[in-house]
Each structure stands twice: as structure tokens, then as C-alpha cells.
Amino acid sequence: MKLEKRWVIAFVIITIVALTGLVWPHQSAENNSDFNAVNTINFADVAWLLTASCLVLLMTPGLSFFYGGMVGKKNVISTMLKSFICLGVVSLLWVVVGFSLSFGSPIGPTLNGIHYGVIGNPADFAFFNYVEMQPHKAMASTIPFILFALFQMKFAVITPAIITGALAERIRFISFLLFICLFTVCIYAPLCHMIWHPNGLLGSYFGVKDFAGGTVVHMSAGFAALAGVLVLGKRKNSEHIPTNIPFVLLGTGMLWFGWFGFNAGSTLAANATAAMAFATTTICSASAMLTWVFFDRMNGRKVSALGACIGAVVGLVVITPSAGYITIPQSMFFGFIGAIVSNKMVYWKKLKQIDDTLDVFACHGVGGIMGMILTAIFAQGTNASLLHGGWTIFSHHMIALLLVSVFTFGGAYVLFLVTNKIIPIRVSEESEVLGLDLSQHGEQF
């Protein structure tokens, strides 16, 4: 078999990263004024965040089953692997520079005498400098900073994995690896910094509420998926029957289970807010699942396991930005309205024409948008939403929604074009007909 240069380059990169890690002059946090002493750690918070981190990690394999069961038989392994491989690629990238870009000291404008960040300083936590047992005063004051970094890493991992569903059955594997690296550095990290860093431009200056990633994770993945579909083009055969519905059911269960860590873990503490986020998460998903099933039947479609699973996941997406900010009865409405809007988008002919394979934009992108809008209306707390602060707060959220949409879609579109210039992103017609499992990986389901 002929050895391609692109794979040689990939191996050289991982070699350089590994050797750099061996000789990297690690900086200790012991005498850094930004950190608390180890004895300030709250052990209940540590136990919960360790558990939550495991739950969020489980979501990526869960997503691979969720997507893998939906595609045609010739592309099951390929589709699942593209989600699963993010655990490797993004994890290493996060240690090298991703965490620093996301949570390093802010680089951005000074407004009203305060320095707000658009992106973090890449040198602050490179190769996890200072990321040790000591809690960070501003970002995670009761848990080891290393635990905070690992918890956030799982969010960074699953975001590009979500994109894979839109591009399934036609994207080249190594091109996808390059894209997720570019996406994590150029889109996810700046957005994460702007929303979740204590001095982030959108979170701190605009007052945008995103409890666990409706904007950072789902909107960014949804709009990137839309951009990728437009660059990649339609499949040769866009009609297929899902291969394994039990896989979809299993994946949905894993996602629902892991989402408790995703949302309730975002409190960064074992407290009452975590319990409320836990409750709103499952109730919203239950409401969305039933709404999807009944709405399908109202429109003349059969009650399907696939529909129930998609509805449940849409509910999880919609509740994510507001899980800790609303009441349980409100979460029922969030799931209801989110499911109806996403369902309409899934069956919208215009969206079908561009061939988003597994309806990623209709479910994650639109679900994230709905979650952000509903959060901007209902979130409780002083100056938190339209009903608790007025039109100014709501308008800030809508401006941020527009900015995030343009940034994530436009940025991803450019990154797909750049990726395509470096390595063509679409497999050959022959490979597509044969199926990516065999043509890309030499394996069969």
C-alpha cells in the first residue's frame, strides 16, 4: 500500500507533540497569586465534578451509537469513528493550547475601563502550565484546577463530534481530523472564552446566559454543520434506511445519562442549583420526546423509535443554556416548543435539499437557538432575562445570537474551504458508492 504524505505529516505532528511534552518546562501553580491553597478544596464538589466529567465523556461514545444507527450499513463504522476519534484529537489539542485559548487571560477590547476577552492568551496554560491541584480563584475556587480543565475538555471533545452527523457518508477521514483541529482552535476556543471566561466579551459585557453550552456547543456545532454541508455538497444517494435502530436507542440513553453531568455539572459544585439543573434536564427531554412523537402522529407520520430518540435529544439541547436558570414547569414548555420548532425544521423541504445527513442543524443548531431565545425570556435572577430585567437584557442576547450565528457559520465555512485546499474533503465517487467503512477503514459492520 502506498504511504501518503499526509499520513506521514500526521505522524510527525503527534511525534513532535509527544516529545515536546517530555521536555516541556512545566510551570507550578504553588506560588501563583491566581490560585488558592490546596486546603480550600471542597471534597463534595470534587466528587461531583469527577463524576460529572465521566458522564460527559460517555456522551461522545453515546453520540457515536446515536449517529451510527441512523446511517446506511456501508457507513456505520466510519460515522461512529469520526465521533469517537474526537476523544483523542481534541484531548491532546486541549492540553497543548486549547484550554489556554479558552480560559487564558483575556485578549480583547477595553470597555468602560475593564479588559474583556475575545480569546485567551495561548501561552498562559500551554501544555497545562499551572494546571494542577490548586483551585483557581476566579474560575473554580473549590475544586482542583486540573479537574476544571478536564471537565471543560469533555465539552470541547463532543462539539466537533456533533458536526459529524451532517457530513456522514461522504467526508474523507483525514480531512475531518484537520478540520476539527482548526474548528477547536479558531471557533470553539474563542466562543468558549467569550461566553464562559469571567471576563469574556459576551458573557461578562453583554450578560449572555449560557448555563452549559447551548451557544458554545450546540449553536457552534449546528452552524458549522450547515456550513460543511454547503461546502461538501449532496450525497450521490441521499436516500437510505437507518441500519440499526437499537443503536440509536442505546446512544440516546447514553446521551441522556451523560447529559446530567453536562448540565448539572456546570454548576461546578455539589449544590441545590445542580439538583435543579438535573431535574430540568430530564423533564425537558421527557416533554420534548412525547411532543415529537405526538406531533409526528398529528402530521400523519407513524410513531417511531427514531422520532422518540430525536425528540429526547432535542429536549436535552434546548434545556442546556437554561438548565440552572428556570423552574421545572418552565422546562416542560421549553421541551414542548423546542420539539415542535425542530420537528418543523427537520421536515422543511429547503433544508432537505442541501442534504444535512442526520439533521444536525435542525436539531442542534435550531435547538440551541431556541434554547438561547427562551433563556433570554425566562431565565430567573437579577437582570437575567426579559421577564427579570427588561428589554435591554433580551436585546443583548439577541445581538449575541446574531454575532454567534455569523461567526460560527462564516468561520466554519472558511475553515472547510481551507481544509479542502490542503486535503480534499470529499471522498471519490467510487469510495462513496463502496461505502466509507471499506474504502476509508477496511472494515465492515
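Below or above, wherever it landed, is the structure these notes cover. Source: prediction; values computed, not measured. (Residues numbered from 1 in each chain as written. Predicted model: local features only at pLDDT ≥ 70, side-chain atom pairs only at ≥ 80, totals over all residues. Heavy atoms only, no water.)

**Here we look at the overall build of the chain**
Piece 1. Helix and strand counts for the chain come out as 17 helices and four strands.
Piece 2. Taking 2.2 N^0.38 as the reference for a compact globule, 445 residues should give roughly 22 Å; the C-alpha atoms of the chain span a radius of gyration of 21 Å, in line with that estimate.
Piece 3. With the C-alpha coordinates aligned to their principal axes, the bounding extent of the chain is approximately 60 × 55 × 40 Å.
Piece 4. Each of the 445 residues in the chain was classed as buried or not, and the buried ones make up 56%.
Piece 5. Relative to all contacts within the chain whose residues are 6 or more apart in sequence, the contacts with residues 24 or more apart total 77%.
Piece 6. With the model as given, the accessible surface of the chain reaches about 18000 Å², and the carbon-plus-sulfur share is 68%.
Piece 7. Across the chain, the mean location of the 23 positive side-chain charges is 10 Å away from that of the 18 negative side-chain charges. (Helix = DSSP H or I, 4+ residues; strand = E, 2+ residues; numbered from the N terminus. Rg over C-alpha atoms; globule rule 2.2 N^0.38 Å. Buried < 20%, exposed > 50% of the residue type's maximum accessible area, 1.4 Å probe, protein only. Contact = heavy atoms within 4.5 Å. Areas by Shrake-Rupley, 256 points an atom, 1.4 Å probe, with all protein chains shown as cover. Lys, Arg positive; Asp, Glu negative; His and termini not counted. Charge placed at Lys NZ, Arg CZ, Asp CG, Glu CD.)

**What about the nonpolar core?**
Piece 1. By size, the foremost hydrophobic cluster in this structure holds 128 residues, and its most contacted members are Phe66, Phe99, Phe148, Tyr188, Leu202 and Phe262.
Piece 2. Considering each element in turn, this core owes the most residues, 15 residues, to helix 5 (residues 145-167).
Piece 3. When near neighbours in sequence (up to four residues on either side) are disregarded, Phe148 contacts Phe99, Phe103, Met139, Ala140, Ile143 and Leu268. (Core = buried A, V, L, I, M, F, W, Y, C linked by side-chain atoms within 4.5 Å.)

**Some words on helix 10 (residues 272-298)**
Because an α-helix completes one turn every 3.6 residues, residues spaced three or four positions apart along the sequence face the same direction.
Piece 1. Over its 27 residues, helix 10 extends 39 Å from the first C-alpha to the last, a length consistent with the 39 Å expected when each residue adds 1.5 Å.
Piece 2. The N-capping residue of helix 10, defined by a side-chain oxygen 3.2 Å from the backbone nitrogen of Thr273, is Asn271.
Piece 3. At the C-terminal side of helix 10, Gly300 shows a positive phi close to 85°. (Expected span 1.5 Å × (residues − 1). Polar contact = N/O pair within 3.5 Å; in protein donor to acceptor, adjacent residues only side chain to side chain.)

**Describing the packing of aromatic side chains**
Piece 1. Using the criterion set out here, one finds 30 aromatic pairs in the structure.
Piece 2. With a centroid separation of 4.5 Å and 25° between ring planes, the pair formed by Trp24 and Phe127 is classed as stacked. In this pair, Trp24 is assigned in the loop between helix 1 (5-23) and helix 2 (43-68) and Phe127 in the loop between strand 4 (119-120) and helix 5, connecting sequence segments 103 residues apart.
Piece 3. Look at Trp24 and you get partly exposed, because its relative accessible area is 30%.
Piece 4. Taking 5.7 Å as the distance between ring centres and 65° as the angle between the ring planes, the aromatic pair formed by Phe99 and Phe128 counts as edge-to-face. Taken together, the residues Phe99 in helix 4 (residues 86-103) and Phe128 in the loop between strand 4 and helix 5 connect sequence positions 29 residues apart. Of the two residues, Phe99 and Phe128, both sit in the buried class.
Piece 5. A network of ring pairs unites the aromatic residues Phe35, Trp94, Phe99, Phe103, Phe125, Phe128, Phe145, Phe148 and Tyr188 as a single cluster.
Piece 6. Sitting over the face of the ring of Tyr347, Arg301 holds its NZ or CZ atom 3.7 Å from the ring centroid. (Phe/Tyr/Trp six-rings, centres within 6.5 Å; stacked < 30°, edge-to-face > 60°. Lys NZ or Arg CZ within 6 Å of the ring centre and 35° of its normal.)

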